[in-house]
Amino acid sequence: MSVVLCPVMDHLITHVFVCEGNRTRAELYALWLDPVDVAVTLTAREAADAFDEGTAVVVLDRGFADEKTRKLLAHLRSKSPLCRVVETRVRSAPFPELGLDHQLVKPVFEAELTELVGTLLLRANYHLVLRLYYQTTAPLLSLQHLADPDDGERERQETLERRADRLKEMIRAYQTELTEADVAAVKDAVNYTPVREVRNSDTELGSKYRPEKCSRCREPWEGSADGAGTKVTKLGAYVWRCGNCGHVQMRADPSHQDVGKYWR
């Protein structure tokens with residue numbers, strides 16, 4: 001069974017690492033995963049040096065780094081926040097509390113490994129494309145509401161619109177490859193708990209995430225620290241329109257603060 005790959009476009013993050021102290025087993029896993037960009041690391045130091053922004057999936061043996069596993073995973077998350085981690089373990093090993101994505105009980109079989117890694121590769125890239133789309137549409141929304149944009153602003157708007165259109169095509173393509181459960185899992189990862197807590201509370205949303213004043217005219221907004229200000233209209237979860245100049249302003253969703261800089 002081959003690894004699930006999206007036939008419509010190239011993935012933005014592609015690296016799959018097998019972190020396994022047993023060279024024979026590691027090379028076998030790499031052989032099974034050959035259709036993707038896979039590499040083997042045999043020590044924790046090798047793994048730490050190998051992880052980069054393009055790391056999408058890591059297959060990690062339970063005993064690979066011993067007591068250094070948490071430190072290694074923290075390093076991995078700092079390098080590639082969207083990376084998915086699969087742990088392989090013997091059946092008698094206790095369930096870990098390391099924030100891993102999936103587990104495979106040894107002996108690991110080719111079909112289950114390739115299918116799982118392929119799915120996680122899709123999930124990681126779909127998650128990234130969603131974040132890139134948000135990163136693109138946030139400034140685009142402000143540019144689209146400019147009353148009299150200059151040439152530079154119009155050029156930037158056109159560039160962002162083309163990028164947003166391409167990202168929408170990529171989003172649709174990934175959605176056709178993923179199951180509803182996969183899409184839901186990625187959505188759940190994007191909209192983590194702090195966002196849900198304020199979703200139904202305009203008061204908390206305004207006080208916690210709403211800017212104090214308009215970034216364009218600098219007019220303080222109603223309900224600012226001094227208790228005065230011009231009226232502001234909430235257009236979306238993190239989008240407001242200034243009642244003084246009409247400027248539409250977006251404050252980044254807290255779940256998207258670590259948006260990557262991947263783009264081709």
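Going by the structure above, here's the rest.
Counting of residues starts from 1 at the beginning of each chain's written sequence and follows it residue by residue. Restriction of local features to residues with pLDDT of at least 70 applies here, the model being predicted, together with a cutoff of 80 or more for giving and counting side-chain atom pairs; totals for whole chains, interfaces and linings are based on all residues. Side-chain numbers come from the whole structure's heavy atoms, not from hydrogens or water.

S.K.: Looking at this structure, I do not really get the pairing of strand 3 (residues 55-61). What am I missing?
M.R.: Looking along a regular strand, one sees side chains alternate from face to face of the sheet. Judged by how many residues are buried, strand 3 sits mostly within the fold: 7 of 7 residues are covered. One bridge is not enough; two strands pair if DSSP finds at least two bridges between them. Strands are runs of DSSP state E lasting at least two residues, helices are runs of H or I lasting at least four, and both sets are numbered from the N terminus onward. As defined by bridge partners, strand 1 (residues 15-19) adjoins strand 3 across 5 bridges and the pair is classed as parallel. Bridge pairing in strand 3 places C19 opposite L60. Across 5 bridges, the pairing between strand 3 and strand 4 (residues 84-89) is parallel. Bridge pairing in strand 4 links D61 to T88. Here is how to tell: hold the view so the strands point away, follow the path from the first strand over the helix to the second, and if it runs clockwise the crossover is right-handed. Viewed along the sheet, the connection from strand 3 through helix 3 (residues 69-79) into strand 4 turns out right-handed. Partly exposed describes any residue whose relative accessible area lies between the buried limit of under 20% and the exposed limit of over 50%, with all areas from a 1.4 Å probe on protein chains only and scaled to the type maximum.

S.K.: Would you take a moment to explain the packing of helix 4 (residues 110-144) against helix 6 (residues 180-190) for this structure?
M.R.: When two helices pack together, their arrangement is captured by the angle between the axes and the distance separating the axes. To get an axis, fit a line to the C-alpha atoms, keeping to the stretch in contact for a helix; angles then go from 0 to 180 degrees between the N-to-C directions. Between helix 4 and helix 6, the shortest axis-to-axis distance is 10 Å and the interhelical angle comes to 45°. Considering the angle they form, helix 4 stands oblique to helix 6. Viewed along their axes, helix 4 and helix 6 form a crossing whose handedness is right-handed. From helix 4, T119, R123, Y126, H127 and L130 reach across to helix 6, where they touch A181, D182, V183, A185, V186, A189 and V190. Residue polarity is assigned by list, with Asp, Glu, Lys and Arg as charged and Ala, Val, Leu, Ile, Met, Phe, Trp, Tyr, Cys and Pro as nonpolar; anything else, Gly included, falls into the polar class. Within the contact of helix 4 with helix 6, the residues separate by chemical class into 8 nonpolar, 2 polar and 2 charged. In this scheme, roughly parallel covers angles under 35 degrees and roughly antiparallel covers those over 145, while 65 to 115 is roughly perpendicular and the rest are oblique. Working rule for handedness: look at the near helix, and if it is turned counterclockwise from the far one by less than a right angle, call the crossing left-handed; if clockwise, right-handed. By definition in these notes, contact holds between two residues if any of their heavy atoms fall within 4.5 Å.

S.K.: Is there a simple way to think about the side chain of D61 in this case?
M.R.: In this fold, D61 is placed in strand 3. Those residues in contact with D61 that lie beyond four places of it in its chain are C19, E20, T88 and K106.

S.K.: Just to check I follow, could you spell out helix 5 (residues 151-177) for this structure?
M.R.: It helps to recall that an α-helix has 3.6 residues per turn; residues three or four apart then point in one direction. Here helix 5 is 27 residues long and its end C-alpha atoms lie 40 Å apart, about the 39 Å a rise of 1.5 Å per residue gives. Those residues of helix 5 that sit buried are Q157, L160, A164, L167, M170, I171, A173 and Y174. The elements touched by buried residues of helix 5 are helix 4. Polar contacts, as used here, are pairs of N or O atoms within 3.5 Å; protein pairs need one atom able to donate a hydrogen and one able to accept it. Residues neighboring in sequence count only if both atoms are side-chain atoms. The distance from a side-chain oxygen at the start of helix 5 to the backbone nitrogen of G152 is 3.1 Å, and the residue carrying that oxygen is D150. Expected span, for any helix, means 1.5 Å times one less than how many residues it has.

S.K.: Any chance you could explain the sheet that holds strand 3 here in plain terms?
M.R.: What links the strands of a sheet is backbone hydrogen bonding, and the strands pair in either a parallel or an antiparallel sense. As summarised here, the arrangement of the 5 strands in space is 2-1-3-4-5, forming an open sheet in which the pairing is parallel. Every other strand in the sheet has two partners, leaving strand 2 (37-41) and strand 5 (102-105) as the edge strands with one partner each. In this sheet, neighbouring strand axes are inclined to one another by 20° on average, regardless of whether the strands run parallel or antiparallel. Contacts between helix 3 and the sheet are confined to strand 3 and strand 4, with strand 3 contributing the most and set at about 170° to the helix.

S.K.: Explain the pairing of strand 1 here, please?
M.R.: By the criterion of burial, strand 1 is predominantly enclosed, with 4 of the 5 residues buried. Here strand 1 runs beside strand 2; their pairing, made up of 5 bridges, is parallel. Counted as the bridge partner of C19 is T41 from strand 2. Once you follow strand 1 into helix 1 (residues 23-32) and on to strand 2, the crossover reads as right-handed.

S.K.: What is the right way to look at unusual backbone geometry in this model?
M.R.: What you tend to see is this: most non-glycine residues have negative phi, and most peptide bonds are trans. Going from K106 to P107, the amide bond is cis rather than trans, its omega being 0°. Tracing the chain through its elements places P107 in the loop between strand 5 and helix 4.

S.K.: For this particular structure, what's the right way to read the packing of helix 4 against helix 5?
M.R.: Viewed as axis vectors pointing N to C, helix 4 and helix 5 meet at an angle of 150°, and their least axial separation amounts to 9 Å. Here helix 5 runs roughly antiparallel to helix 4, going by the angle between their axes. Our pair here, helix 4 against helix 5, has a crossing hand that is left-handed. Residue classes in the contact of helix 4 with helix 5 are distributed as 15 nonpolar, 6 polar and 6 charged.

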